[in-house]
Amino acid sequence: MDLGIAGRKALVCASSRGLGRACAEALANAGCDVVINGRTAASVNSTVDALTATTHVRVTGVVADVSDPAGQARLLAACPDPDILINNNSGPPLTDFRSLTRQQMLDGVVANMVTAIELTQKVIDPMVQRQFGRIVNITSGTVKMPLAGLDLSSGARAGLTAFLAGVARSVAANNVTINFILPGAFDTDRLRGTLEGSARKQGLDYDLVATQRRNTIPARRFGGPNELGALCAFLCSNHAGFITGQSILIDGGAYPGTF
Ligand SMILES: NC(=O)c1ccc[n+]([C@@H]2O[C@H](COP(=O)([O-])OP(=O)(O)OC[C@H]3O[C@@H](n4cnc5c(N)ncnc54)[C@H](OP(=O)(O)O)[C@@H]3O)[C@@H](O)[C@H]2O)c1
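How each quantity is defined
Residues numbered from 1 in each chain as written. Predicted model: local features only at pLDDT ≥ 70, side-chain atom pairs only at ≥ 80, totals over all residues. Heavy atoms only, no water. 1 Å grid on protein atoms, 1.4 Å probe; cavity = no way out; pocket = protein on both sides within 12 Å on 5 of 7 lines; lining within 4 Å. Points joined across faces, edges and corners; volume = space filled by probe spheres on them. Helix = DSSP H or I, 4+ residues; strand = E, 2+ residues; numbered from the N terminus. Nonpolar A, V, L, I, M, F, W, Y, C, P; charged D, E, K, R; others polar. Buried < 20%, exposed > 50% of the residue type's maximum accessible area, 1.4 Å probe, protein only. Lys, Arg positive; Asp, Glu negative; His and termini not counted. Salt bridge = Lys/Arg side-chain N within 4 Å of Asp/Glu carboxyl O. Polar contact = N/O pair within 3.5 Å; in protein donor to acceptor, adjacent residues only side chain to side chain. Contact = heavy atoms within 4.5 Å. Pairing = 2+ DSSP bridges. Right-handed = clockwise from strand over helix to strand, strands pointing away. Core = buried A, V, L, I, M, F, W, Y, C linked by side-chain atoms within 4.5 Å.

What follows deals with the layout of surface pockets. Any empty space left between the atoms is revealed when a probe the size of a water molecule rolls over them. In this structure, the second largest pocket encloses a volume near 150 Å³. Lining the second largest pocket are 13 residues, with G18, A22, E25, P225 and N226 positioned closest to its centre. Broken down by element, the lining of the second largest pocket gets its largest block of residues, 6 residues, from helix 1 (residues 18-29). Within the lining of the second largest pocket, the residues separate by chemical class into 3 nonpolar, 4 polar and 6 charged.

Dropping the structure here:
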């Protein structure tokens, strides 16, 4: 399918690896110029090289912490007035909520709520003027289906979802959409790190813990990042202008509800 977005400019936050990278790759394959981001120069550079080698678009790397205002300024300098903004960031580690300090809670809210709102503030008015804009926020399936220990992540992301719900309606008439992708378990470094930690804690083999986790998912497998990238690119496409303010689960059937 031609997504109709060739030549558009996409700023993809936290995209040197994992789900963000898959979104950047899908957008680059659709013909968008992409800005890649991460805090580690080596992985930003290798992703820029890989996408440059396999696509015909302009791929720019920005080494910056997206949660930091100075990092955000560098991202926007590399991609002034993006047509497409993908808000992504790391999530807080699994922690019993009783042990969270005030500073950890504030940092989590900044990472998973405030940062996406700040970037949205900075890009939305030019999108309205151009009568085209797509903002996709990668949140988590835990926004709908709580997971003990990820309470800070879930709470901050639910806050982001509620905050931007009204904003989405306020710009819908200008062909600017704001949506949320809620991943279940995807095969990325983050998931592998979580499974390794869990295996260590229980004194079990990694493969056994990974199989047990897969078996909790009706699809009996982890998602491939490219599957999420394809969904993201569709939400950014010309065809998706009537979809806004929606939280879209992509989890192999893990969420047990009908609605
Ligand atoms: N994978 C899953 O199963 C899953 C499920 C639900 C929700 N999620 C959420 O989806 C998001 C992405 O997860 P993932 O699995 O793709 O993680 P990942 O494999 O760890 O990749 C994270 C990417 O973000 C970059 N990054 C992290 N913090 C950053 C920051 N402050 N500024 C700029 N770049 C940053 C990382 O590069 P550097 O480390 O070099 O900065 C890396 O490129 C996370 O918020 C995660 O909680 C993931």
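Here we take up the environment of D49. Its place among the elements puts D49 in helix 2 (residues 41-54). Since its relative accessible area comes to 52%, D49 is described here as exposed. Distance from D49 to V59, taken between C-alpha atoms, is 8.4 Å for residues 10 residues apart in sequence.

Using the criterion set out here, one finds 2 cavities of 30 Å³ or more in the structure. If you add up the space inside the largest cavity, you get close to 110 Å³. Around the largest cavity, the lining comprises 14 residues; the ones closest to its centre are N87, N88, N89, A111 and A116. The set of elements that each furnish at least two residues to the lining of the largest cavity consists of helix 4 (102-130), strand 5 (133-138) and helix 5 (151-171). A total of 5 residues in the lining of the largest cavity trace back to one element, the largest contributor, which is helix 4. Each residue belonging to the lining of the largest cavity can be placed in one class, and the counts come to 6 nonpolar, 7 polar and 1 charged. Of the volumes computed, that of the second largest cavity is approximately 30 Å³. Every residue along the wall of the second largest cavity is listed here: P92, P93, T95, L100, G149, L150, L152 and S153. When its residues are assigned to classes, the lining of the second largest cavity shows 5 nonpolar, 3 polar and no charged.

Let's shift gears to the side chain of R134. When you line up the elements, R134 lands in strand 5. It is D83 that comes nearest to the buried, bridge-free R134 among opposite-charge side chains, at 9.7 Å. Of the polar contacts made by the side chain of R134, one reaches the backbone oxygen of N175; its length is 3.1 Å. Not counting the four nearest positions on each side in its chain, R134 is found in contact with D83, I84, L85, M127, N175, T177, L235, C236, S237, N238, A240 and G241.

Our next topic: the pairing of strand 6 (residues 176-183). Buried residues dominate strand 6, accounting for 8 of its 8 residues. Here strand 5 runs beside strand 6; their pairing, made up of 6 bridges, is parallel. Across the sheet, residue I135 finds its bridge partner in strand 6, namely I178. Following the chain from strand 5 across helix 5 to the adjacent parallel strand 6, one finds a crossover that is right-handed. Bridge count for strand 6 against strand 7 (residues 247-250) is 4 bridges, and the pairing is parallel. The partner of L182 across the bridge, within strand 7, is L249.

We now examine the nonpolar core. In this structure, I5, L27, V34, I84 and I86 are the most contacted members of the largest nonpolar core, which totals 33 residues. Counting only elements with at least two residues in this core, the list comes to strand 1 (9-12), helix 1, strand 2 (33-38), helix 2, strand 4 (84-87), strand 5 and helix 8 (225-235). It is helix 1 that contributes the most residues to this core, 6 residues altogether. One finds L11, C79, L85 and L182 within the second-largest nonpolar core, a separate group that totals 28 residues.

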